[in-house]
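# Coordinate analysis (summary)
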Amino acid sequence: MSDVNTASGDPGRSAEAAAAHLRRQPKVRSIDGHDIAEAFAAGLADFRAAPQFGLFFGGVYALGGLFLVWLTFWTGLGYLTYPFAAGFALIGPFVAVGCYEVSRRRESGLPLVWREVLGVVFHQSRRELGWMAFVTLFIFIVWMYQVRMLLVLCLGFKNFVTVNEFVQVVTTTPEGLLFLALGHVDGAILALVSFTLTVVSFPILLDRDVDFITAMITSVKSVITNPKTMIAWAAIVTALMLLAIVAGFLGLFVVLPVLGHTTWHLYRRLVEPPATD
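My aim in this report is to walk through the structure given alongside it, one point at a time. These figures come from a predicted structure and were not determined experimentally.

The rules behind the values
- Residues numbered from 1 in each chain as written.
- Predicted model: local features only at pLDDT ≥ 70, side-chain atom pairs only at ≥ 80, totals over all residues.
- Heavy atoms only, no water.
- Salt bridge = Lys/Arg side-chain N within 4 Å of Asp/Glu carboxyl O.
- Helix = DSSP H or I, 4+ residues; strand = E, 2+ residues; numbered from the N terminus.
- Buried < 20%, exposed > 50% of the residue type's maximum accessible area, 1.4 Å probe, protein only.
- Expected span 1.5 Å × (residues − 1).
- Contact = heavy atoms within 4.5 Å.
- Axes fitted to C-alpha atoms, helices over the stretch in contact; angles between N-to-C directions.
- Parallel < 35°, antiparallel > 145°, perpendicular 65-115°, else oblique.
- Left-handed = near helix turned anticlockwise from the far one by under 90°.
- Nonpolar A, V, L, I, M, F, W, Y, C, P; charged D, E, K, R; others polar.
- Phe/Tyr/Trp six-rings, centres within 6.5 Å; stacked < 30°, edge-to-face > 60°.
- Patch = residues over 30% accessible without salt bridge, like charges linked within 9 Å, V, L, I, M, F, W, Y side chains within 5 Å.
- Areas by Shrake-Rupley, 256 points an atom, 1.4 Å probe, with all protein chains shown as cover.

### A look at the pattern of salt bridges
Going through the model one piece at a time under the given rule, you end up with 8 salt bridges. The closest approach of N and O atoms between Arg-268 and Glu-107, which form a salt bridge, is 2.6 Å. Of this pair, Arg-268 sits in helix α15 (residues 252-270) while Glu-107 sits in helix α7 (residues 97-108); the two residues are 161 residues apart in sequence, bridging distant segments of the chain. By relative accessible area, Glu-107 is classed as partly exposed at 39%. With a shortest N-O distance of 2.9 Å, Asp-207 and Arg-268 are connected by a salt bridge. In this pair, Asp-207 is assigned in helix α12 (residues 201-207) and Arg-268 in helix α15, connecting sequence segments 61 residues apart. Residue classification places Arg-268 among the partly exposed residues on the basis of a relative accessible area of 28%. When salt bridges with common partners are traced through the structure, they connect Glu-101, Arg-104, Arg-105 and Glu-116 into a single cluster.

Printed below as a string of structure tokens:
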């Protein structure tokens, strides 16, 4: 209340505070394919310099994916394995937070100590980073809900005893092909939304004292400012994640950390350093 009174009683100070606030807002640069190539090279360098961290975070992600697959079969929902695997990629940016921290520390010349790397990740997860993680989880839940809805709309309330039965139905019947078409379109839209909201959100929350709304706005601005370049990067991420998941999730041991490190360096090229007052 005192801030309100001060602002209303001193217009000059209020205007100065507003100007300072605007200067602190993250500013987005324009980038091109050359920046993606250089960021990817820097990401590979980070992974090679500290593979133990990348393999750890990639392993956690891969084991999480394998657990979800096992869970679908254990509960008799094996036919949902493919949608689960596709949606599982949506939470990748959150799992890669540890990789962002490794890249940040290498960039700043800080020591790479397990206790400090994991400590930063856990500390940040209780702040704005936790809200951002909730956003990605919410999108994943929406995706799985829509898959079930499309199943009911296209195939009715059928129960599939085996995965082979489900595959036969969705690939040989008009209803099944409609389900596949609508599902892939819906998945592509949600993936684009998730990418747009998160492409630089997690790195900026780890790097700067901003709220998760500001982080998402900055991420959206990054995509709007560089639509072709960012769509190209999204296509690269999708292709590599797909290959890693098709390889029994084991490819995530390497793909996740490399993409994580690369995302950090891409963030550095996309977002200007904070202005000093």
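Next, the rest of the story.
### Description of helix α14 (residues 227-246)
With 20 residues, α14 extends 28 Å between its outermost C-alpha atoms, agreeing within 8% with the 28 Å of an ideal straight helix rising 1.5 Å per residue. Where α14 is buried, its residues contact α3 (33-49), α4 (51-74), α5 (81-88), α11 (174-198), α13 (212-225) and α15. Gly-248, located one to two residues past α14, shows a positive phi value of around 65°.

### Details of the environment of Thr-262
For Thr-262, the position within the fold is in helix α15. Taking relative accessible area as the criterion, Thr-262 reaches 1% and is therefore assigned buried. Between the C-alpha atom of Thr-262 and that of Ala-45, which follows or precedes it by 217 residues, the distance is 9.5 Å. Filtering out sequence-adjacent residues up to four positions away, Thr-262 remains in contact with Ala-39, Phe-40, Gly-43 and Trp-233.

### Side note on the packing of α5 against helix α9 (residues 128-155)
Their axes nearest at 10 Å, the elements α5 and α9 cross at an angle of 155°. Overall, the two elements α5 and α9 adopt an arrangement that is roughly antiparallel. Our pair here, α5 against α9, has a crossing hand that is right-handed. Between α5, through Pro-83, Phe-84, Ala-86, Gly-87 and Phe-88, and α9, the contact on the second element is made entirely by Phe-140, Trp-143, Met-144 and Val-147. Residue composition of the contact of α5 with α9, by class: 8 nonpolar, 1 polar and no charged.

### Overview of unusual backbone geometry
The phi dihedral of Phe-249 is positive, around 70°, even though this residue is not glycine. With respect to the helices, strands and loops of the structure, Phe-249 is situated in the loop between α14 and α15. Looking at Phe-249, the relative accessible area reads 6%, which means it is buried.

### Quick word on the packing of aromatic side chains
Aromatic rings considered in pairs are described by the distance between their centres and by the relative angle of their planes. Evaluation of the coordinates by the stated rule reveals 14 aromatic pairs. When the centroid spacing of 6.2 Å and the interplanar angle of 75° are considered together, the rings of Phe-166 and Phe-179 count as edge-to-face. Here Phe-166 is found in helix α10 (residues 163-172), whereas its partner Phe-179 is found in helix α11, with 13 residues between them in sequence. Accessibility assignment for this pair places Phe-166 and Phe-179 in one class, buried.

### Let's talk about the packing of α14 against α15
Closest axis-to-axis distance for the α14/α15 pair is 9 Å, and the angle between their directions is 165°. Viewed along their axes, α14 and α15 adopt a mutual orientation that is roughly antiparallel. In the packing of α14 onto α15, the handedness of the crossing is left-handed. Judged by residue contacts, Met-230, Trp-233, Val-237, Leu-240, Met-241, Ala-244 and Ile-245 of α14 engage Leu-252, Val-255, Leu-259, Thr-262, Thr-263, Leu-266 and Leu-270 from α15. Class assignment of the residues belonging to the contact of α14 with α15 gives a composition of 12 nonpolar, 2 polar and no charged.

### Quick notes on a nonpolar patch on the surface
On the surface, a cluster of nonpolar side chains totalling about 260 Å² of accessible area is made up of Phe-56, Val-60 and Trp-114. With respect to the helices, strands and loops of the structure, Val-60 is situated in helix α4. You can call Val-60 partly exposed: its relative accessible area is 45%.

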